[in-house]
Amino acid sequence: MIAGPTAVGKTALSIQLARALNGEIISGDSMQVYRKLDIGTAKVTPEEMDGVPHYLIDICEWSERYSVAEFQQHARQKITEITQKGKLPIVVGGTGLYIQALLYDFKLGNEGEVTPEQVQIKQELAQLERTCSKEELWQRLAACDPLAADAIHVNNTRKVLRALEVFLVTGKSILTPTQKPQALYDYYLIGLTTERDVLYERINQRVEWMIKQGLEEEARSLLAQREAHAWQGIGYKEFLPYFDGQQSLTETIESIQLASRRYAKRQLTWFRNRLSAHWFDLVTHPQEYDKLLDELKNWLEETI
């Protein structure tokens, strides 16, 4: 497993390790499953793949919705298929919920008896639904439970309200496992990180590169269906005010950069708090790759 924030070098490392360890790659990114979302998701190109097979990329239309449960099923199937070929499955991505759902067997949510407190909260949320816009409701969720906000589209009011309810009743995210999860695989989780200033500069530069590659045109091609789940992705939803004449292109670019930096911070928090990773900074210490490769080879020998 290779995890970490955006723009930290996960794709390059995954291909390098696949070549060195006879591996094949499974994408663990919630947005790269969509066709046509190439630039904004920093999707690996055929040239970058360097002949290494990749799975769970471009498997559904951008107008469709792809769930965590579907990813869990598809990725586990691919792990089995790759292993049966005598190759090493390498899962790479920054969507923490996808990675956790794949590795562990756990149920999400918080179901139980309805208490008087919960009834009151339901009434208060019903009032909010009548008086607030979808965006305002989603912003309330993002303020108290950014983890759930990342996973729920702003237009999915039912799920936004449900996540708010769970947080207000329990004080925990709706994505918190209700039972201690059990690991389903022997795995070695590589966590990629680097100094914050360095990471943020890489993120800013990546967004500028995406703009030059045609990110505005890619986002504009989605306008025919504003309710689509694809608009949840950073690099797309920030264009809506621009397309509506409410902000400039410069402001839009800055908005994408800010959202990307904030997301990177949440990604790091997720992986550090939820999963036990072996952390490496290959951006400022590329010589650590040799150490990482040796550790992986030793782990494989012990596992096999």
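A quick note: this is a predicted structure, and the numbers were derived from the prediction, not measured. (Residues numbered from 1 in each chain as written. Predicted model: local features only at pLDDT ≥ 70, side-chain atom pairs only at ≥ 80, totals over all residues. Heavy atoms only, no water.)

> Can you walk me through the nonpolar core in this structure?
By size, the foremost hydrophobic cluster in this structure holds 60 residues, and its most contacted members are Ile 26, Tyr 34, Leu 37 and Leu 141. Ile 15, Ala 18, Leu 192 and Tyr 289 belong to the second largest nonpolar core, which has 31 residues in total. (Core = buried A, V, L, I, M, F, W, Y, C linked by side-chain atoms within 4.5 Å. Buried < 20%, exposed > 50% of the residue type's maximum accessible area, 1.4 Å probe, protein only.)

> Would you mind going over the confidence of the model for the chain with me for this structure?
Detailed conclusions should not be drawn from predicted coordinates in areas where pLDDT is low. On average, the chain scores 89 in pLDDT, and the residues at 70 or more come to 94%. Counting interchain partners and residues more than four positions distant, the pLDDT-below-50 stretch residues 108–113 has 12 contacts. (pLDDT = per-residue confidence, 0-100. Contact = heavy atoms within 4.5 Å.)

> Please explain the pattern of salt bridges as it appears in this structure.
Here the idea is simple: oppositely charged side chains can pair when their charged atoms come close. In this structure the tally under the stated criterion is 11 salt bridges. The salt bridge involving Asp 244 is made with Arg 226; its shortest N-O contact spans 2.8 Å. Note that Asp 244 is positioned in the loop between helix H11 (240–243) and helix H12 (249–274) and Arg 226 in the loop between helix H10 (215–220) and H11, a separation of 18 residues in sequence. Owing to a relative accessible area of 40%, Asp 244 belongs among the partly exposed residues under this scheme. (Salt bridge = Lys/Arg side-chain N within 4 Å of Asp/Glu carboxyl O. Helix = DSSP H or I, 4+ residues; strand = E, 2+ residues; numbered from the N terminus.)

> Can you walk me through helix H6 (residues 134–144) in this structure?
Since there are 3.6 residues in each turn of an α-helix, residues three or four apart along the chain are aligned in direction. Every buried residue belonging to H6 is among Leu 137, Trp 138 and Leu 141, and all of these are buried. Mapping the buried residues of H6 onto a view down its axis gives an arc of 95°, with all of them on the same face. (Arc of directions from axis to C-beta.)

> Please clarify how the environment of Tyr 34 should be interpreted in this entry.
Among the structural elements, Tyr 34 can be located in the loop between strand S2 (23–27) and helix H2 (46–49). Here Tyr 34 falls in the buried class, since its relative accessible area comes to 0%. The sequence separation of Tyr 34 and Cys 60 amounts to 26 residues, and the corresponding C-alpha distance is 5.2 Å. Not counting the four nearest positions on each side in its chain, Tyr 34 is found in contact with Lys 43, Asp 58, Cys 60, Glu 61, Trp 62, Glu 64, Arg 65, Tyr 66 and His 229. One polar contact links the side chain of Tyr 34 to the main-chain amide nitrogen of Tyr 66, over a distance of 3.1 Å. (Polar contact = N/O pair within 3.5 Å; in protein donor to acceptor, adjacent residues only side chain to side chain.)

> Explain the state of the cysteines here, please?
The term disulfide refers to a covalent linkage connecting the sulfur atoms of a pair of cysteines. Counted according to the given criterion, the structure contains 0 disulfides. Residue Cys 132 stays outside any disulfide, its sulfur separated by 13 Å from that of Cys 144, the closest cysteine. We classify Cys 132 as buried; its relative accessible area is 17%. (Disulfide = S-S within 2.5 Å.)

> It is not clear to me how the pairing of S2 should be interpreted in this structure. Could you clarify?
Within a regular beta strand, the side chains point alternately toward one face of the sheet and then the other, so they alternate between its two faces. By the criterion of burial, S2 is predominantly enclosed, with 5 of the 5 residues buried. For S2 and strand S4 (residues 88–92), the ladder comprises 5 bridges, and the chain directions are parallel. Opposite Ile 25, over in S4, you have Ile 90 as the bridge partner. (Pairing = 2+ DSSP bridges.)

> Got a minute to help me understand the packing of helix H3 (residues 68–84) against helix H4 (residues 96–103) in this structure?
Between H3 and H4, the least distance of the axes is 9 Å, while the angle of their chain directions is 55°. Judged on the interaxial angle alone, H4 and H3 are oblique. Crossing of H3 over H4 shows right-handed handedness. Two secondary-structure elements touch here, H3 through Val 68, Phe 71, Gln 72, Ala 75, Arg 76 and Ile 79 and H4 through Leu 97, Tyr 98, Ala 101 and Leu 102. (Axes fitted to C-alpha atoms, helices over the stretch in contact; angles between N-to-C directions. Parallel < 35°, antiparallel > 145°, perpendicular 65-115°, else oblique. Left-handed = near helix turned anticlockwise from the far one by under 90°.)

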